[in-house]
Amino acid sequence: MRLTFARFQRAFTLIEMLVVMVIVGLLITVIMQGFGYSLGLYQRVQHTQKNAYSEVLVYNWLCSTLGVQVAARPKDKGLDGEFSHLDTYTYQPLLEQQGLKTRIQWRLEQVPGYLQLSYSESGQDFAVYRWPESTGEFEYQSAEGKWLQQWPIDKVDPPKLPESVRLQVHTGAETRNYVVPIATRKGSEVTMDEVLYGR
């Protein structure tokens, strides 16, 4: 019995196998680098988006409390503001009933490594937001459009409210401006009830 072999048997040579393995290895490397880049980009977007949402909430909280400040009455304490803090009355407090005149305070504290914005009302303090490696200040816009670091300008009775309040945050070369226009009347008005009943 005689065995016959096909004359032209075709198989992979060692070199062909090595070339295929190198090509597969390169493809896997490219795919893994792309996946790693995509994952890193996704994490950066998530982090930026989380910070952006937090900053929007801070700005909305500032607007809700400072946009509806109460103009000072005669012999009443109105907005008392400096570059590091401001005390005022608002109609939109966080804890007390909405619509009632409530004394609040916004404060900037320079803590090692970051700038912290805090809110106080009825003896309770809240750390609202932290900007890493930053400095900041409150500024107050006069009727002439100038930004001042102290309010009121003149010690008159009753003091008027500024046109706007601005929180500036400096991080390196970048400056963020959170401007809150004051929607309520700037000065007090004596109503007929106050004239008749002395309220």
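What you are looking at is a predicted structure, and each value in this text was computed from that prediction instead of being measured. (Residues numbered from 1 in each chain as written. Predicted model: local features only at pLDDT ≥ 70, side-chain atom pairs only at ≥ 80, totals over all residues. Heavy atoms only, no water.)

Enquirer: Explain the overall build of the protein chain to me, please; I cannot follow it from the model alone.
Expert: If you tally the helices and strands in the protein chain, you get two helices and nine strands. For the protein chain, buried positions account for 33% of its 199 residues. Contacts in the protein chain between residues far apart in sequence, at least 24 positions, make up 48% of those at least 6 positions apart. Of the roughly 13700 Å² of accessible surface on the protein chain, 60% is carried by carbon and sulfur atoms. (Helix = DSSP H or I, 4+ residues; strand = E, 2+ residues; numbered from the N terminus. Buried < 20%, exposed > 50% of the residue type's maximum accessible area, 1.4 Å probe, protein only. Contact = heavy atoms within 4.5 Å. Areas by Shrake-Rupley, 256 points an atom, 1.4 Å probe, with all protein chains shown as cover.)

Enquirer: Could you clarify how one ought to interpret the pattern of salt bridges in this entry?
Expert: Where charged atoms of side chains with opposite charge meet at close range, the side chains can pair. Applying the stated rule across the entire model yields four salt bridges. A salt bridge links R176 to E174; the nearest nitrogen and oxygen atoms lie 3.8 Å apart. Where salt bridges share partners, they join E55, E174 and R176 into one cluster. (Salt bridge = Lys/Arg side-chain N within 4 Å of Asp/Glu carboxyl O.)

Enquirer: Can you walk me through the confidence of the model for the protein chain in this structure?
Expert: Close inspection of predicted coordinates is inappropriate in any region flagged by low pLDDT. With 87% of its residues at a pLDDT of 70 or more, the protein chain shows a mean pLDDT of 84. At the level of individual helices and strands, the protein chain shows its lowest average pLDDT in helix α2 (residues 192–197), which scores 58, and its highest in strand β6 (residues 135–141), which scores 95. (pLDDT = per-residue confidence, 0-100.)

Enquirer: What's the story with the sheet that holds strand β9 (residues 174–181) in this structure? I'm lost.
Expert: The strands making up a sheet associate through hydrogen bonds between their backbones, and the pairing can be parallel or antiparallel. Ordered by their spatial adjacency, four strands build an open sheet running β7-β6-β8-β9, and the pairing between neighbours is antiparallel. The sheet is open, and its two edges are formed by β7 (147–148) and β9, each paired on a single side. Pairing of β6 with β7 involves two bridges; the strand directions are antiparallel. Following the sheet pairing, Q141 is matched in β7 by W147. With respect to the sheet, helix α1 (residues 14–66) is in contact with β8 (164–171) and β9, its orientation differing from that of β9 by roughly 35°. (Pairing = 2+ DSSP bridges. Axes fitted to C-alpha atoms, helices over the stretch in contact; angles between N-to-C directions.)

Enquirer: I would appreciate a short explanation of the sheet that holds strand β5 (residues 124–132) in the present structure.
Expert: With antiparallel pairing, five strands are arranged side by side in an open sheet as β1-β2-β3-β4-β5. The two strands at the open ends of the sheet, each matched to only one other strand, are β1 (80–81) and β5. Where strand β2 (residues 85–90) meets strand β3 (residues 102–111), six bridges bridge the pair, whose relative direction is antiparallel. Residue T88 lies in a different strand from β3, and its bridge partner there is I104.

Enquirer: Explain the environment of S164 here, please?
Expert: Examined against the element boundaries, S164 turns out to sit in strand β8. With 98 residues separating them in the primary sequence, S164 and L66 have C-alpha atoms 8.9 Å apart. When near neighbours in sequence (up to four residues on either side) are disregarded, S164 contacts E139, Y140, Q141, W147, V179, V180, P181 and I182.

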